[in-house]
Amino acid sequence: MELNTEILTAPPLDAATVVMLRDGPSGLQVLLMRRHQASNVLGGVYVFPGGKLDPEDQHPLWQQRLSQDSATLHDRLNEPDLPSERASGLFVAAMREAYEECRVLLGCASHATPQAIALLQALRSGQSWHDAFQAQSLSLHTDVLLPWCRWITPRKASVTNKRFDTRFFVTQVPDDQLAEHDNHEATEVLWINPRDALLRYWNREIELAPPQIMSLVHLSRHTHAQSVLAEANNRRPPVIEPEPYDHDGVRTICYPGDPRHSVRQAAFPGPSRLMFINQRFEPELGLAALLD
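Quick caveat: nothing in here was measured; it's all calculated off a predicted structure. (Residues numbered from 1 in each chain as written. Predicted model: local features only at pLDDT ≥ 70, side-chain atom pairs only at ≥ 80, totals over all residues. Heavy atoms only, no water.)

K.L.:
How do you make sense of the pattern of salt bridges when you look at a structure like this?
P.N.:
For side chains of opposite charge, pairing can occur when their charged atoms come near one another. What the rule picks out here adds up to 19 salt bridges. A salt bridge links D54 to K52, with the shortest nitrogen-to-oxygen separation between them at 3.3 Å. R96 is paired through a salt bridge with E100; the nearest N and O atoms lie 3.0 Å apart. On the criterion of helical spacing, the pair formed by R96 and E100 is a turn pair, its members being four residues apart in helix α2 (residues 84–102). What you see here is one network of salt bridges that share partners, running through D14, E79, R86, R150, D165 and R167. (Salt bridge = Lys/Arg side-chain N within 4 Å of Asp/Glu carboxyl O. Helix = DSSP H or I, 4+ residues; strand = E, 2+ residues; numbered from the N terminus.)

K.L.:
Looking at this structure, I do not really get the sheet that holds strand β14 (residues 280–282). What am I missing?
P.N.:
Whenever strands of a sheet pair, they do so through backbone hydrogen bonds, lying parallel or antiparallel. Ordered in space as β11-β12-β13-β14, the four strands form an open sheet in which the pairing is antiparallel. Two strands close off the open sheet at either side, each with one partner strand: β11 (243–247) and β14. Sheet twist, expressed as the mean angle between neighbouring strand axes with direction ignored, is 30°. Pairing analysis gives three bridges linking strand β12 (residues 250–254) to strand β13 (residues 273–277), with the strands arranged antiparallel. Each residue of the ladder has a partner; that of C254, found in β13, is R273. Sheet strands in contact with helix α6 (residues 210–219) are β12, β13 and β14, and its direction is about 135° off that of β13. (Pairing = 2+ DSSP bridges. Axes fitted to C-alpha atoms, helices over the stretch in contact; angles between N-to-C directions. Contact = heavy atoms within 4.5 Å.)

K.L.:
Mind showing me how you'd approach the state of the cysteines here?
P.N.:
Two cysteines, two sulfur atoms, one covalent bond between them: this is a disulfide. Here the structure, examined in full by the defined rule, presents zero disulfides. Cysteine C254 remains unbridged, with the sulfur of C149 as its closest cysteine sulfur at 18 Å. (Disulfide = S-S within 2.5 Å.)

K.L.:
I keep staring at the side chain of D57 and nothing clicks. Help me out?
P.N.:
Counting through the fold element by element, D57 comes out in the loop between β5 (50–52) and α1 (70–77). Of the residues examined, D57 reaches a relative accessible area of 1% and is grouped as buried. One polar contact links D57 to R96, side chain to side chain, over a distance of 2.9 Å. In terms of polar contacts, D57 uses its side chain to reach the side chain of H130, at 2.8 Å. With residues near it in sequence (within four places) discarded, D57 still touches K52, W62, G89, V92, A93, R96 and H130. (Buried < 20%, exposed > 50% of the residue type's maximum accessible area, 1.4 Å probe, protein only. Polar contact = N/O pair within 3.5 Å; in protein donor to acceptor, adjacent residues only side chain to side chain.)

Below, the structure written as C-alpha cells:
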C-alpha cells in the first residue's frame, strides 16, 4: 500500500458502505470484496461494499419505493443538518451498491425470489438500476439497514486522493443469499470471520485500509450477527474523524479516545491509533492490539 502525502482541499463526497453479516460455522462472518487492481481508489484492497452517493439516489420517486418515510430515515442517521432527501438517498445508495457490486438484494429472503430474478433480468436488458426498480415497481426494505458509524476522511487522507463522508450500515443477510463479484469494480468476494480477516491481513495475505481494519477490530468483539445488530439498535452512530500526524517520518492516524485526538470519548474498542510502518498500517502493540 502506498502512502498518500497530498493535502486534499476538496470537501468530502457523501458515500455509503454496507457491512453484511451472517452467522457461519465458526460464528460471525462479514462480507469483504477485493477492489479491482486497476481501481483509482484502493485498488486491490479488501473493503466492504459501498460507493458514493449518486444524484439519482435522491430522486423524489424513490420515496414511493422505500419501506420507511424520509423523516424516519433522517432521524435514524442522527444528522440534524442533513437534508432529508440526502438522508433517504444514502439508504438507497447503500442498497444499490450492495447489489451492483455483490448482487445482494437486501431485504430479500433469497437471490432466487421473483423480485430478485425480475431485477436481474431488467438489468441484463440494459436498464439502469434505478430504471429497473421503477419499471418493476419494486420496493427497497430500508428497515433492514441499521446505521453503524460515520467516517469522514481527513484532509491528510493517507491512503486515497479523495475525501469521503461515509455512512456505514450493518445488515444481516440470509445464509443462502448469493454474493458474487462483478469483475468490474470487484474481483473477489469473501465471507470471513473478522478475527480471521485481521490475521490474514497481519500475514500479508490480504490488504486492508484503516477504516476496514478498525471496523473489523470492533466487529471481532461480537460472536454473532444479532449481537452487532443489537448494539446498532441501542446507540446512535458515532462520528469518526481520524486525525493524522507525522513524527520522525512515520504517519500516525489517531482516532477518538486517543490522547492526541481532539475527541476524548472512544468511538470503538481496540487500539486508538495506527502507524504506517512496513508498508502498511499497524497498531503500536502489533497483532495483539488488533485481537485482544
